[in-house]
Amino acid sequence: MKIYNKKGFVAGIFWIILAVWSVFLDFNSPDPNGLVRVRDTILSVFLLLLGITSFVRAFSKRATKEDIINKQDERNILIRYKSKSRMLDIAYGFLFVFMICGLIGYKLTANIAWGMIFLIPGFLLGLFLIIEIVVNIYYEKHV
């Protein structure tokens, strides 16, 4: 059999190995909590189905062509770009809210845990802003 989609083949093998590992861990050391066992079982089944689907589609020429067409479709590319942009805006908002809550909590309680809730989102927000500036400079020079 010929593999038409090597990335899908590798991804399928990865998801199958992850599912088998999850099932192995579930049987080796079961959690006493029933809900956690159900969650782990559902996760294992989902990973196994995802892996099998990717693995089988890697051998189909028609499925590989469909995947390539869907990946290169202008509408899908636009949706991907817009969703990534919106996700980054939402992440900025969450980080800013966590940073403000951490600052207020630290000022009210003087507990170092609240200080970390301020410091970590503040660091990530600063890192995101620096990355955004670098990416903007790159695209201004190359586009």
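On a predicted model such as this, the values are computed, not experimentally measured, just so you know.

Colleague: Explanation requested: the pattern of salt bridges in the structure shown.
Modeller: Within this structure, the stated rule accounts for five salt bridges. With a closest N to O distance of 3.1 Å, Asp40 and Arg39 form a salt bridge. Taking the shortest distance from any N to any O, the salt bridge between Asp67 and Arg57 comes out at 2.8 Å. Here Asp67, found in helix α3 (residues 61–72), pairs with Arg57, found in helix α2 (residues 34–57); they are ten residues apart in sequence, far enough to count as distant. With a relative accessible area of 28%, Asp67 lands in the partly exposed category.

Colleague: What exactly am I supposed to notice about the side chain of Ser44 here?
Modeller: Counting through the fold element by element, Ser44 comes out in helix α2. A polar contact of 3.4 Å, which involves the side chain of Ser44, links it to the side chain of Asp26. Discounting residues that sit within four places of it in the chain, Ser44 has contacts with Ala19, Ser22, Val23 and Asp26.

Cut-offs applied
Residues numbered from 1 in each chain as written. Predicted model: local features only at pLDDT ≥ 70, side-chain atom pairs only at ≥ 80, totals over all residues. Heavy atoms only, no water. Salt bridge = Lys/Arg side-chain N within 4 Å of Asp/Glu carboxyl O. Helix = DSSP H or I, 4+ residues; strand = E, 2+ residues; numbered from the N terminus. Buried < 20%, exposed > 50% of the residue type's maximum accessible area, 1.4 Å probe, protein only. Polar contact = N/O pair within 3.5 Å; in protein donor to acceptor, adjacent residues only side chain to side chain. Contact = heavy atoms within 4.5 Å.

Treat this as a map of the structure, not an account of what it does.
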